[in-house]
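# Residue-level structure breakdown
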Amino acid sequence: MENGNRNDTGNSTKQDQPQAGETPLLEQSFEERQASGLLHKSVSRRELLKMAGIGGAGLLLGAAGLGAVFKGNVFGEAAPATRASSRPNSSGIVDFYGTHQAGIATPSPNFILFAAFDVTSGSLDSVRSLFQAWTAAAAAMTRGEPVGEESGNDHLPPTDTGEAVGLSPSRTTITFGVGPSFFDNRFGLAGKRPAALVDFPAFGGDELRPEWCGGDIAVQVCSDDMQVAFHAIRNLSRIGRGKVVLRWTQEGFQRTSAADPEGATPRNLLGFKDGTANPDTASETEMSEVVWAQAGDGANWMNGGTYMAVRRVRMRIEVWDRSTLADQEQTFGRHRASGAPLGSRNEFDAVDLDAKDANGKPLIPLNSHVRLARGDGSARILRRSYSYSSGMDNKTGQLDAGLLFICFNRDSRKQFIPMQQKLGQSDLLNEYIVHNGSAHFACFPGVRQGGYVGETLF
Amino acid sequence: MKKGWAVLLLAASLTAAGCSSNNDDGGNAGNGGASASSQASASASTVDWAPIIDSYRQFSVEQADTFIAETDKFVAAVKSGDIDTAKQLYAPTRMYYERIEPIAEALGDLDPDIDARENDVEDKDWRGFHRIEKFLWVDNTTAGAEDYADRLLEDAKSLRALMETVEIEPALLVTGAVELLNEVSSSKVTGEEERYSHTDLYDFAANVEGARKIYDLLQPELAKKDAALDTSIGTSFTNLEDALADYKSGDGYVSYTDLKEEDTKKLSQLIDALAEPLSQMGVILGA
Ligand code: HEM
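Residues numbered from 1 in each chain as written. Chains lettered and ligands numbered in written order. Predicted model: local features only at pLDDT ≥ 70, side-chain atom pairs only at ≥ 80, totals over all residues. Heavy atoms only, no water.

Inclusion rule: UniProt positions are given in the numbering used here, feature names are shortened, and annotations may be inferred rather than shown by experiment.
Within an unreviewed UniProt entry, the label attached to chain B reads EfeM/EfeO family lipoprotein, and the organism entered is Cohnella fermenti. Within the UniProt record for chain B, the comment given under Subcellular location (unreviewed entry) is "Cell envelope". The record held by UniProt for chain B lists under Sequence similarities (unreviewed entry) the comment "Belongs to the EfeM/EfeO family."

As named in an unreviewed UniProt entry, chain A is Deferrochelatase, taken from Cohnella fermenti. Its UniProt record gives chain A the following Function (unreviewed entry) comment, quoted word for word: "Involved in the recovery of exogenous heme iron. Extracts iron from heme while preserving the protoporphyrin ring intact." One UniProt comment on chain A, placed under Catalytic activity (unreviewed entry), says "heme b + 2 H(+) = protoporphyrin IX + Fe(2+)".

So this is what it looks like as C-alpha cells:
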C-alpha cells in the first residue's frame, strides 16, 4: 500500500475470449467438438475447463477424462500462446524468474496473503527439495497454471486443489525469504547467516504477540484476486506438509484497481495517503542503493536479494476516529485530503522540514511521523504495506484492523532498525497504533529458469 | 463420511466389474484419454491383492471379536451398577472399534448406532457408547443406561455378523487408512469425540493403529512402486507415534483436558504431515 507505483494500472484480461468467427466452445455439442477434433488441437486451459465445468460436458468428460486430456498435451500446446502475451497489463502475468524476486520492486497488486512457516524436518536435503518443488509450483501458479499435471489416476487426490481453475494470473507474485531462526544448528547453515539478518531489538511501544512473530521461512503472495492468492498459499503449504508447518498468516488488502483505475496513492485505514515518499522502483540505481544487497555487503549468497521487515501494526481505530483533523494532520505532518506536506499544496511537493509558521514553530511538527521517519534523509526504505482487517477483538469488542507494514531494505541494521527505534520512542502516531507482530527475513535473489529459489544458499 | 464409504464400496466393485461409466468416457476422450479406472485395474492386477486382503480381513475379524468380548464386560459393569469399572472399561473397549472404523462405517447404520454423538442423530435414535458416556460422566450414574447397554452389545454382534458379507476392495484399504486419520483430525484432536469422558486420546491412538495396520500390509508393494513415498510415510508414522507416546499414562492415555493448545497443535500438524503422503498410496492402484 505504501508503494509509490503510481502508474500501476489495472489489468484487463482478454485472452480468454473466443476468436472471432469461431463458434464458442460452450455452444458446440460434445459430438461437434469431437468431430472438429477439438480435443486434439490447441485449447487454452480456460476454454477447456469452462467446457468441463458446465454440467453436461463435465459429466461426459469426467474427472478422469479431463486429467487425461491435460496429460495428452492439449494444455501443453496452449501454454506458449499464453506466455507470448505476457505483458504484465494484458495477461496479468508478472514474470516469476529474473534478477530479483518479483513482489518487491514490482507494482503492488490489490491483495496480500503473507505466511510464515517453521521447518519441522531436520535435514538440508529435505529443505532443498522443498524449495525446488516450491519453485516449480510457484512459477506455474504465477502463470495461472495448476501446480502440476494431474495423474489421471482417480484413486489419488487431485494434484492441484482446483479453486483457481479458470482464473487469470491476476499479477500474482510469490516471494520467499528465510528468518534468523533458519540459521540455527539444524541445517548446518549457521555460518552463512548474513550479519544483517539480526533478531530485531525490542522497540519502544512494542506489544508483540507470539502468534504473529517470527518464522523460519516467509512466503509473501500478492495478487489481484484473493482466491488466487489463497490457492497459492494453500498449495504451497500442502506441498510442504511433513516438512514445514504454518506459523502465522495475515491477509491484507488495498483499494482495488477497479475502485481506483487511475492508480493514485492508496490510503491507509487512518485515511491518509500512504506511499508518497517511497523510492522510485523504476530506478535501478535507487533500488541498488536502498533495496538490493550488493557484493561486498556481507553474505554473497544474498547479492541481488533484500531484507524484509514485517510488522503487524494494529490501529486504535476507535481512538483515532475521535481525534480532530488538526491532530491527525499534525501526527503525520501531511494534509489528509491532498497528502501534501503541511503548508504545501500538492501531494508530491517537496517536504521542507525547515518551514516555520508565523510564530516560528516548525510547520511539520518535531515528533510527526514524516519528520521522524525521514530523519536526515540518509536512511531510506521501500515500503510495500497492506491494510488488514481481522474481524473483532473479542476482549474489547473493537475492530482488529491496521497495517501489515512491510518494507524492504539493503541492510536493516542501517535502515529499518534505527528508523523504527526513533519512531517507537517519539512518534506522535504511537498514540493510535500498537505493534503486535514482527518478523525479519532475508529474501533470496531472483532465480533463473531451470534454477530454484534459495539455490545460492543451499 | 459414512456415506463416502458406502459410495466408495460401490465404486470399487463397479470398477472391478468393468462397467464403470468412467471407462466409457475415457474412451471418448481420445487417445490421450485412456481411462484412469482401466489403468488402475490393469496395474492393480500386477499386485497380488489376495493375501493382503486376507490379512486385513483376519485383522478386522480379530478386532471385532475382541470388541464383542470387551463390550460384554463393559455392559455387565453398567448393568450391575458398577460405575467405576464401567468408566475404566469405556475407553479401552472403544479402541477395538476405532481401529476398524472404516469397515464399520461401510456397513449401513451401524456406525451411528454404536458411535453417534449427542445431536448427530435425533434424540429418539441416539444410543450407543456416547449415550452411555453421558450417563457415566455427566449424570454420574448407571441408572437408566441398562437398556442402552443391552442394545450396544446387540449392535456390536450385528457388526460382526455383517462383516462376513462385506467384500474388501483394494481401494477401500488405501482410502481407509486416510479416513482413519481424517477421523482423528476432525474430531479426536479437537476433543469433540469424547465430550464428557475426555478419553479422546484412546480413540486417537486406535485410529492411528488402524491406519498403521493398513500401511504395514501395503508397505512392501508401496516400496516397490514408490520408495520415496514409502520412506516419507514411514518417517511420518514414527514421528506421530513418538509424539503420542508422550501422552501415555499407565495402560492408557492422559485426559484430553490435560493437553495444552501447543500439544493439540503439534499432534494435529503431525497428523496432517502423515495423512498427506498417505493419501498418495493410491499410486499402487493406478498408473
Ligand atoms: C500503522 C503504521 C504506519 C502508518 C499508518 C504509516 C503511515 C505513513 C504515512 C501516512 C506517511 C506519509 C506518506 C508517505 O510518504 O508515504 C508515512 C511516511 C513514511 N513512513 Fe510510515 N506509517 C506507519 C508505520 C511506519 C513504520 C513502522 C515505518 C518504518 C520504521 C514507517 C516509515 C515511513 C517512512 C520512511 C515514510 C516516508 C517519510 C518521508 O521521507 O517523507 N512508517 N507513513
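## Some thoughts on the overall build of chain B
Here is the rule: To qualify as a helix, a DSSP run of H or I must reach at least 4 residues; to qualify as a strand, a run of E must reach at least 2; elements of each kind are numbered from the N terminus. Think of it in three bands: with a 1.4 Å probe and only protein chains considered, a residue is buried below 20% of the maximum accessible area for its type, exposed above 50%, and partly exposed in between. A contact between two residues is defined here by any heavy atoms of the two lying within 4.5 Å. Surface exposure here means Shrake-Rupley accessible area, sampled with a 1.4 Å probe, where a residue is shielded only by the protein chains that are shown.
When helices and strands are counted, chain B shows 13 helices and two strands. Burial status across chain B gives 54% buried among its 287 residues. In chain B, 75% of the contacts between residues at least 6 apart in sequence involve partners at least 24 apart. Only carbon and sulfur atoms are counted for the fraction: they give 48% of the accessible area of chain B, which is about 12,100 Å².

## Digging into the nonpolar core
Here is the rule we go by: The definition of a nonpolar core used throughout is a set of buried Ala, Val, Leu, Ile, Met, Phe, Trp, Tyr and Cys residues joined through side-chain atoms within 4.5 Å.
Of all hydrophobic cores here, the largest spans 82 residues; its most connected members are Tyr56(B), Phe74(B), Leu159(B), Phe204(B), Leu218(B), Ile233(B) and Met281(B). The greatest single-element share of this core, amounting to 13 residues, is contributed by helix α4 (residues 49–79) of chain B. Among all residues touching Tyr56(B), those that are not within four sequence positions of it are Arg99(B), Ile100(B), Ile103(B), Ile168(B), Leu173(B), Lys213(B), Ile214(B) and Leu217(B). Within the second largest apolar cluster, 44 residues are counted, among which are Met141(A), Phe187(A), Val219(A) and Val244(A).

## Observations regarding the UniProt feature "domain: Imelysin-like" (unreviewed entry) in chain B
In the UniProt entry, the feature "domain: Imelysin-like" (unreviewed entry) is given for residues 53–281 of chain B. Secondary structure across residues 53–281 of chain B divides into 73% helix and 2% strand, with the first and last C-alpha atoms of the span separated by 16 Å.

## Remarks on the site of the ligand
Residues and elements named next belong to chain A. Selection rule: For this purpose, a residue is taken to be near a molecule or strand whenever a single non-hydrogen atom of the residue falls within 4 Å of it. Pairs of N or O atoms are called polar contacts if they sit within 3.5 Å, as long as, within protein, a hydrogen donor faces a hydrogen acceptor (for residues adjacent in sequence, only side-chain-to-side-chain pairs).
For the ligand, the set of nearby residues contains 27 residues, the closest of which are Gly275, Ala277, His369, Arg374 and Arg383. In this structure, an oxygen atom belonging to the ligand sits 2.6 Å away from a main-chain N or O atom of Gly275. The set of elements that each furnish at least two residues to the shell around the ligand consists of β5 (306–315), α11 (369–374), β8 (398–409), α12 (416–426) and β9 (433–443).

## Focus: the UniProt feature "domain: Dyp-type peroxidase N-terminal" (unreviewed entry) in chain A
Under the local residue numbering, the UniProt record ascribes the feature "domain: Dyp-type peroxidase N-terminal" (unreviewed entry) to residues 101–254 of chain A. Across residues 101–254 of chain A, the secondary structure splits into 22% helix and 21% strand, with the terminal C-alpha atoms separated by 22 Å.

## Topic: helix α13 (residues 261–278) of chain B
Convention followed: Under the convention used throughout, the expected extent of a helix is 1.5 Å for every residue step, that is, one less than its residue count.
Over its 18 residues, α13(B) runs 26 Å from end to end, which matches the ideal 26 Å to within 8%, given 1.5 Å per residue. When α13(B) is considered as a whole, its buried residues turn out to be Asp263(B), Thr264(B), Leu267(B), Leu270(B), Ile271(B), Ala273(B), Leu274(B), Ala275(B), Glu276(B), Pro277(B) and Leu278(B). Considering only its buried residues, α13(B) is in contact with α7 (226–240) of chain A together with α10 (170–188), α11 (200–225) and α12 (227–245) of chain B.

## Digging into the packing of aromatic side chains
Condition: Only Phe, Tyr and Trp rings are paired, with Trp represented by its six-membered ring, and only when their centres lie within 6.5 Å; those with planes under 30 degrees apart are stacked, over 60 edge-to-face, the remainder tilted. Counted as over-ring charges are cases with an Arg CZ or a Lys NZ within 6 Å of the ring centre that also lie within 35 degrees of the ring normal.
Going through the model one piece at a time under the given rule, you end up with 33 aromatic pairs over all chains. Ring centres 5.1 Å apart and planes at 35° place the aromatic pair Phe182(A) and Phe187(A) in the tilted group. Both residues of the pair, Phe182(A) and Phe187(A), belong to the buried class. Members of the aromatic cluster, connected to one another through ring pairs, are Phe117(A), Phe131(A), Trp134(A), Phe176(A), Phe182(A), Phe183(A), Phe187(A), Trp301(A), Phe444(A) and Phe458(A). A cation over a ring is seen here: Arg312(A) above Trp212(A), with NZ or CZ 3.6 Å from the ring centre. Just above the ring of Phe129(B) sits the side chain of Arg94(B); from NZ or CZ to the centre is 5.2 Å.

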